[in-house]
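Chain by chain, the residues run as shown.
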Amino acid sequence: MEIDPIEIELRCLFCDAVLGGKPGADKPKSGDLITCQACGQGNDFDSVLEAAKEKGVAQVEEAVGKKIAEELKKLFG
Ligand SMILES: [Zn+2]
């Protein structure tokens, strides 16, 4: 069973804009504040990561659920 790759984006906790790192800038690390380019709020990197992880898990569950439904349809459809 193959699952499509899931892309996880870091999003602003305040306005949901995608937090893009500046090219050439250091990767954010634990404890860093990432300033949102859209709303200017400082996002705690750990919280952003946690939110992205939760979203990623939900996306994986959804993808797996869809896949299983397809497989079942093939078997019993
Ligand atoms: Zn924002």
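Because the structure is a prediction, the values reported are computed rather than measured.

**Q** I keep staring at the overall build of the chain and nothing clicks. Help me out?
**A** Per the secondary structure count, the chain includes one helix and two strands. Across the chain, helices and strands are ordered from the amino to the carboxyl terminus as β-β-α. Along the first, second and third principal axes, the C-alpha atoms of the chain reach 50 × 25 × 20 Å. The 77 residues of the chain split such that 6% are buried. Counting only contacts in the chain whose residues sit at least 6 apart along the sequence, the fraction spanning at least 24 positions is 48%.

**Q** Help me out: how do you make sense of unusual backbone geometry in this one?
**A** Glycine aside, residues mostly have negative phi angles, and peptide bonds mostly take the trans form. Unusually for a residue other than glycine, Asp-16 sits at a positive phi of about 70°. Looking at the secondary structure, you find Asp-16 in the segment before strand 1 (33–35).

**Q** Got a minute to help me understand the environment of Lys-29 in this structure?
**A** Tracing the backbone through its elements, the reader meets Lys-29 in the segment before strand 1. For Lys-29, a count of 8 C-beta atoms within 10 Å gives the class exposed.

Definitions and limits used
- Per chain, the residues get numbers from 1 upward, laid out in the order the sequence is written.
- Selection of residues for local features in this predicted model requires a pLDDT of at least 70, selection of side-chain atom pairs for listing and counting requires 80 or more, and totals for whole chains, interfaces and linings are taken over all residues.
- Secondary structure elements follow DSSP: runs of H or I of four or more residues count as helices, runs of E of two or more count as strands, with numbering from the N terminus.
- Counting other C-beta atoms within 10 Å of a residue's C-beta gives its exposure: the residue is buried at 20 or more, exposed at 12 or fewer, and partly exposed in between, where C-beta atoms are placed from the backbone.
- Whether two residues are in contact is decided by their C-beta atoms, placed from the backbone, lying within 7 Å.

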